[in-house]
Amino acid sequence: QVQLVESGGGLVQAGGSLNLSCAASGRTLSNYALGWFRQAPGKEREFVAAIAWDGIHTSYADSVKGRFTTSRENAKNTVYLQMIRLTPEDTAVYYCAATVSRAAWVGIHRDNYDYWGQGTQVTVSS
């Protein structure tokens, strides 16, 4: 019922910044929790950040806390991930995900989400 398309990935030098967007169609994002996950080759998909339906409550993985910020604009059916001070360890395919939820706190596990985008590649060079 919800289609998600990520954009904004690319190649950036270590210490640089990058902004990702995820546009939704099919349904408005109201009442959806939104998450960001990433997966590097040979590694499991891991949680990065999430934001609740209210656009206020957020969760971040310890590895990105203080460097990444997620936000949303329901009027544009879009969720964002702002990334600063990137390191080569941030290199991965980044996915956005959505699930119907009006909970104040958002899930940090893959199985908490029902809809997924196809991902966008982020590569951080040394």
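Refer to the structure printed above.
Now for a quick tour of the structure. (Residues numbered from 1 in each chain as written. Predicted model: local features only at pLDDT ≥ 70, side-chain atom pairs only at ≥ 80, totals over all residues. Heavy atoms only, no water.)

Concerning the packing of aromatic side chains
Here is step 1: This model, assessed by the stated rule, comprises 5 aromatic pairs.
Here is step 2: Both rings, one in phenylalanine 37 and one in phenylalanine 47, keep their centres 5.7 Å apart while their planes meet at 75 degrees; by these two values the pair is edge-to-face. Of this pair, phenylalanine 37 sits in strand E4 (residues 32–39) while phenylalanine 47 sits in strand E5 (residues 46–51), and the two are 10 residues apart along the sequence. Both residues of the pair, phenylalanine 37 and phenylalanine 47, belong to the buried class.
Here is step 3: Between phenylalanine 37 and tyrosine 113, the aromatic rings sit 5.5 Å apart at their centres with planes inclined by 75 degrees, giving edge-to-face as the arrangement. With phenylalanine 37 in strand E4 and tyrosine 113 in the loop between strand E9 (92–100) and strand E10 (115–116), the pair connects residues that are 76 residues apart, well separated along the chain. One exposure class covers both phenylalanine 37 and tyrosine 113, and it is buried.
Here is step 4: Aromatic rings pair up to connect Phe37, Phe47, Tyr113 and Trp116 into one cluster.
Here is step 5: Between arginine 102 and the ring centre of tryptophan 53, over which it is positioned, the NZ or CZ distance is 3.9 Å. (Phe/Tyr/Trp six-rings, centres within 6.5 Å; stacked < 30°, edge-to-face > 60°. Helix = DSSP H or I, 4+ residues; strand = E, 2+ residues; numbered from the N terminus. Buried < 20%, exposed > 50% of the residue type's maximum accessible area, 1.4 Å probe, protein only. Lys NZ or Arg CZ within 6 Å of the ring centre and 35° of its normal.)

A word on the side chain of aspartate 90
Here is step 1: Topologically, aspartate 90 is positioned in the loop between strand E8 (78–83) and E9.
Here is step 2: Aspartate 90 sits in the buried class, given a relative accessible area of 1%.
Here is step 3: Non-local contacts of aspartate 90, meaning those with residues more than four positions away in its chain, are made with Arg38, Arg67, Phe68, Arg85, Val122 and Val124. (Contact = heavy atoms within 4.5 Å.)

Notes on unusual backbone geometry
Here is step 1: Even without being a glycine, asparagine 31 presents a positive backbone phi close to 75 degrees.
Here is step 2: For arginine 85, which is not glycine, the phi dihedral falls at a positive 50 degrees.
Here is step 3: The exposure class of arginine 85 is partly exposed, given its relative accessible area of 45%.

Here we look at the state of the cysteines
Here is step 1: With the rule as written, the count across this model stands at 1 disulfide.
Here is step 2: Each disulfide pairs two cysteine sulfurs, and for cysteine 22 the partner residue is cysteine 96, the sulfurs being separated by 1.9 Å. When the S-S torsion is 50 degrees, as for the bridge of cysteine 22 with cysteine 96, the disulfide is right-handed. Within this pair, whereas cysteine 22 is found in strand E3 (residues 18–25), its partner cysteine 96 is found in strand E9, the two being separated by 74 residues in sequence. In this structure, cysteine 22 and cysteine 96 share a single accessibility class: buried. (Disulfide = S-S within 2.5 Å.)

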